[in-house]
Amino acid sequence: MSIKARRLMAALVIMAVVAAACGPATSSSTTGDGPGPATTAGEGGTTTPDSGDAVIFRSAWHEPTQPLDPRQVTSGSGEIAASLFEGLAVADAEGNVTPHGATEWEVSDDGLVYTFHLNQDVLWSDGTPVTAGDYEFSIKSGLDPALASPTSGNLYAIKNAEAFNSGEITDPDEVGVRVIDDYTLEVTLEAPSPVFLLTVATAAPFWPTPRHVVEQFEEYEWTEAENIVTNGPFTLAEWTHEDSMVLVPNPEYWGPEPEVDEVHIRLLADPTSQGLPAFEANELDYALVPPGDLERVQNGELADLLEFTQVQRFYGVYMDTGHPPFDDVRVRQAFYLAIDREAIANGVLHGLVTPAWWNIPHGVPGHAPDVRLEGTAEDAQQLLADAGYPDGEGFPAQTMIVRTNEVEELQAQAIQAQWSEVLGVEIEMQFLEPQAFREFQNGMRSGNDYDLIHLSATADAPDPSIYHNLVIGTDGEGYFPTRFVDPEYTALIEAGAAEQDPDARLDIYHQAEELLIETHTVIIPVSNENLAYLLRDGWTGLEFPFGLRGPVYDQLTFSG
Amino acid sequence: MRGYVTRRVLALPLIVIAVYTLVFFLARSSPGGPWDPNLPVPQSVIENLRAHYHADEPLIVQYWELAKNIVLEGDLGPSYLAMRRNVSTMIAEALPISLALGAASVGLALIVGVALGVIAAMRRNTSVDYASMGLVMFGISVPPYVITPVLVLVFAIWLPWLPSQGWTGLFSKAAIIPVIALALGPAATVARYARNSVLDVIRLDYVRTAEAKGLPPRVVITRHVLRNALIPIITVAGLYITRTLTHTFYVEYIYGIPGMGRLGVDAVFGRDYPVILGVSLVVAILVAVTNLLVDLTYAWADPRVRLR
Amino acid sequence: MTDTIDVTTAPVDRPLRVDLAPRQMLWRRFRRHKAGMVALIVMTVLVLFAVFGPLLWQVDYALTDFNAIGESPSADHPLGTDSLGRDILIRLMIGGRVSLSVALISQILAIAFGTLLGLIAGYTNKHADTWIMRVIDVIMAIPDLLLLILLIPVLSGALESSWTPAWAVTLNDISLGTFGLVVGIFLITWTFVARLVRGQVLTLREMEFVESAVNIGVPRPLIMYRHLLPNLSTILVVAATLGVPRGVLLEAGISFLGLGVSPPLPSWGTMISDGLSVMRSEPHILLAPAIVLSITVLCLNLLGDAIRDAVDPRSST
């Protein structure tokens, strides 16, 4: 073969390789083309939501990061699962619990035994009745260490739940859950708990799991669209991973049927930043508005469609009060007062957060907007001077840890600038990406010192004790350790955890708030989160369940 | 020659093993773990999760077990974050998208690059040549994380002609910006090679003869110059294919395309070790195989290249 | 083997034909390259801008102004402000210092280490050669960005850990937290230098002056130092012309992904990434760093071309 011919052959070989690479790729990308919401919105195109007969709502979220299995639903899948499953009870934002999947319940006099009577109308989407056995299955298999559910901790109020989950005992029948008959479930607790019913209403592991379906499949295959059965208002009709989902009303649902015929959920990598452009291209009927675009939306033609909803999230700064300079309450109060919360909330974040002077965020029972340390920037300077650092002179070098996240980065940098301006104190900042940030917090919990940390805390249930007993904790060794030790505060929150009367309980936590913020200023709250979103004209009734950052669609109505 | 081929092919698994080892230990040495409890989670829950993923076993055992599963079953294990789905499945879904994107942009780069290079060479030292080479320098210098947002800004925001993000298949409007963004760099490289090699070939005797015979320039170009000038362009294929692979990380991340690049970036941020490992392995294999193919083709095509 | 270096069409596949012309000759040849001269001038201006700019434009790069968020260019802020009301001009200057110094320092390290390993591989025993080349093959089998993404968290994690030597922590503090970045980029770019040097050494060792030195019994380390090293200077210049723009792009890229410098310290990469989220409302926040970065890399590449043409005139066409 001549050199020329060989060269030509070589070129052909490479071309063939490139072509081969093209081959399967093209075919699979066309399948990816299929179920995209933009291309399947009814028969009549993408612009009107109700073209044809079907009323279609086009929403966006991200690929669920946990299985759509009630036993494992976390913040990574809760926003979708909330439309698919429901449990024995529901709670409103004030923490009032009402029966839902149960018709009623009795509590024994010692507060240990709960007997739930199930609503016999509740069916799975395949027509099978939801029985007490399905609830029992959820709880017992959810506690099985082999399942390794990240949410099994929600069940620990139940007798022997923790022992079984941690492998101390191996017989699931020792767990305090018993099927009396198909429609009667008995739950026995470790100790009386004022929040148990609230947990039943809000924690996914208390939802039933369709045992008759789960056991037919391996691992999580039962949650795929072709296999799943649900008991909520919707069921899952299509699910192309990382691409889209279609929810349709559950034909067997016992409650009022949703008005919407199909919900097309586009699964985006980052629904916060990617939803808006798709909304602007009229590919979505709902989209979150990211901080960077909020001002433009507010001043643009979409301003009328902009809405806000509260998220039960605390943003603020925690200090290590175990060592100088933040062991001095005057320093803490100076840092608390030096922050211009309005400027941050409105100037920097355009309403994506609400100023906060309190620990328990808006939307959570026990939230008290009257709790705040009063004072001006001059007071802050005076307090710092009293503590021995006039104009910030001699203030030791301190580092604030911040998670890399658009809102938190902006807010932390704004706080740092205000401290510098008002107090003359230069705080170093260390930005950690989420995983490293988490590792840092683990270090704090295992006793490492720190100076300042900017953080956020979201409750998963409308319960004030989360922000005191769990997050702050006794002796400053809570989830976010402050090393703040005060017997009075500890006694208060322990009393709160045990108090059975709801009003007395709220009163106790109000005192705890005042002690924590006004007297000792243990933490520096800065803001509480809001979600800004756009909802296409004509749609009403988009609801955001407690603690979730995505909506549910059962109340949606479309009025042309 | 045959010895060389055998050695290179045998070296491939060794490279893959080395990459696996390197990535495995690098990924495991990063701070942080895969679980993100928003609120306090009991220690026993964490222990169960660790046991479930075999994260409680000694590193060397994890290393060996995973290697065994990959080789015997092609099973990269479950992902930590994405629904505990199998990493092999996730890659199987993401890879075709990236390959489609990559193939389309390399194809576009070849066409545009060759055309530009040939034109520049034919009009050597004229303003056309300088303009083309200026364009080429621009293409080589502007990184994908600049060109992608700029294209989005111009063609999706200022002139709302194209979608500003997303993936709806290769044959849709949404593919235009990412394909162009990915093709720019390789096209520039190809154009440069094309210009140089056309200039090399033009000097050769048979081309001069063809010209002297009075053949029209177009015939000379297509029949004599282009055919031979293409070889060096093909032989640097490894260079721009590898680069395209790297650039998909940015382009997919910025444009929200569910391909390998975004999978990799998300996994790194989420410390999803199994996915990090899977993506790295696949990418490393792609790079190694491409380079091998290119080298072998090059050697075979040009006997002057002596391989030891 | 095809190299993965991608910034230019430098002769990486064939041995570089080094022209040992005197320096004045090189300069004369360089001057003939018009684009190179323009690039040299622009690059000089850019370096002056980054190095001395902050002395003239004395604004705090971290100073946030809540009354001037995302403002368009004005007299107070010639390039406008970013989403925290910080002056973009000063941030471009400081970002330039960061980007350029990270690239430069990592390339100095890469050239030093790469030369050493290239010499060892090319001019000691076969085993050393095999091992070094295998290590290089593995590093080069992983795309540089992916490797950097994996390395950076490990390096910054290491800087936090207890066994880290004090000097590393000090260096990290002095470098405003960019030490890990420098080391990361160095660790993945030395391989390219080492391969170039090894190739050159393999050619040089066959040359008469080296062979005669061996014959009269000059020890190897001395030969490496006295005979090989001086003849590598040209190829090292070439390596630098390729390495520096690559370093700039890697730094910007990794900072773009949020794994590089720590805010509020700016880098052109983080500035681009900041601008990305607000490009619909305030495109200037994105465009300013994007343009400066592109011009810088363009100039570095043109300069590299001119320098390569000067040292190897036959490679130019």
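Residues numbered from 1 in each chain as written. Chains lettered and ligands numbered in written order. Predicted model: local features only at pLDDT ≥ 70, side-chain atom pairs only at ≥ 80, totals over all residues. Heavy atoms only, no water.

**Q** Just checking my understanding: could you explain the overall build of chain A for this structure?
**A** Tallying secondary structure elements over chain A gives 17 helices and 19 strands in all. Expected size for 560 residues packed as a compact globule is a radius of gyration near 24 Å; at 27 Å, chain A falls within 12% of this value. C-alpha extents for chain A along the principal axes are approximately 85 × 80 × 60 Å. When each of the 560 residues of chain A is scored for burial, the buried share is 59%. Long-range pairs, those at least 24 residues apart, make up 67% of the contacts in chain A between residues at least 6 apart in sequence. On chain A, roughly 20400 Å² of surface is accessible, and the fraction owed to carbon and sulfur atoms is 49%. Of the side chains in chain A, 23 bear a positive and 91 a negative charge, and the two mean positions are spaced by 10 Å. (Helix = DSSP H or I, 4+ residues; strand = E, 2+ residues; numbered from the N terminus. Rg over C-alpha atoms; globule rule 2.2 N^0.38 Å. Buried < 20%, exposed > 50% of the residue type's maximum accessible area, 1.4 Å probe, protein only. Contact = heavy atoms within 4.5 Å. Areas by Shrake-Rupley, 256 points an atom, 1.4 Å probe, with all protein chains shown as cover. Lys, Arg positive; Asp, Glu negative; His and termini not counted. Charge placed at Lys NZ, Arg CZ, Asp CG, Glu CD.)

**Q** Which parts of the structure should I look at to understand the sheet that holds strand 7 (residues 184-188) of chain A?
**A** All names here are of chain A. Taken in spatial order, the 4 strands make up an open sheet running 4-5-7-6, and their pairing is antiparallel. Whereas interior strands pair on both sides, the edge strands pair on one side only; in this sheet they are strand 4 (102-107) and strand 6 (177-181). Between one strand axis and the next, the sheet turns by 20° as a mean value, whatever way the strands run. When strand 6 meets strand 7, the two strands line up antiparallel, connected through 4 bridges. Looking across to strand 7, one finds that Val-179 is bridged to Leu-185. Against the sheet, helix 4 (residues 132-143) touches strand 5 (113-118), strand 6 and strand 7, its axis set at about 170° to strand 6. (Pairing = 2+ DSSP bridges. Axes fitted to C-alpha atoms, helices over the stretch in contact; angles between N-to-C directions.)

**Q** How do you make sense of the side chain of A:Thr321 when you look at a structure like this?
**A** Residue and element names in this part refer to chain A. Inspection of the secondary structure assignment puts Thr-321 in the loop between strand 12 (306-319) and helix 10 (329-337). Separated by 3.2 Å, the side chain of Thr-321 and the backbone oxygen of Arg-483 make a polar contact. Side-chain polar atoms of Thr-321 contact the backbone nitrogen of Phe-484, separated by 3.4 Å. Non-local contacts of Thr-321, meaning those with residues more than four positions away in its chain, are made with Phe-326, Asp-327, Arg-332, Thr-482, Arg-483, Phe-484 and Val-522. (Polar contact = N/O pair within 3.5 Å; in protein donor to acceptor, adjacent residues only side chain to side chain.)

**Q** Got a minute to help me understand helix 11 (residues 260-270) of chain B in this structure?
**A** In an α-helix, one full turn covers 3.6 residues, which means residues spaced three or four apart are oriented alike. Residue and element names in this part refer to chain B. The buried fraction of helix 11 is high, at 9 of 11 residues. Along helix 11, the residues classified as buried are Met-260, Gly-261, Arg-262, Leu-263, Gly-264, Val-265, Ala-267, Val-268 and Gly-270. Positive backbone phi, at 55°, marks Arg-271, one or two positions downstream of helix 11.

**Q** Explain the interface of chain C and chain A here, please?
**A** How big an interface is tends to be stated in terms of the accessible area lost upon association of its parts. Contacts between the two partners involve 17 residues from chain C and, on the opposite side, 20 residues from chain A. Roughly 1600 Å² of surface becomes buried between chain C and chain A when both sides are summed, with 54% attributable to carbon and sulfur atoms. At the surface where chain C touches chain A, the tally comes to 1 residue pair in polar contact (both at pLDDT 80 or more). (Buried area = accessible area lost by both parts, 1.4 Å probe.)

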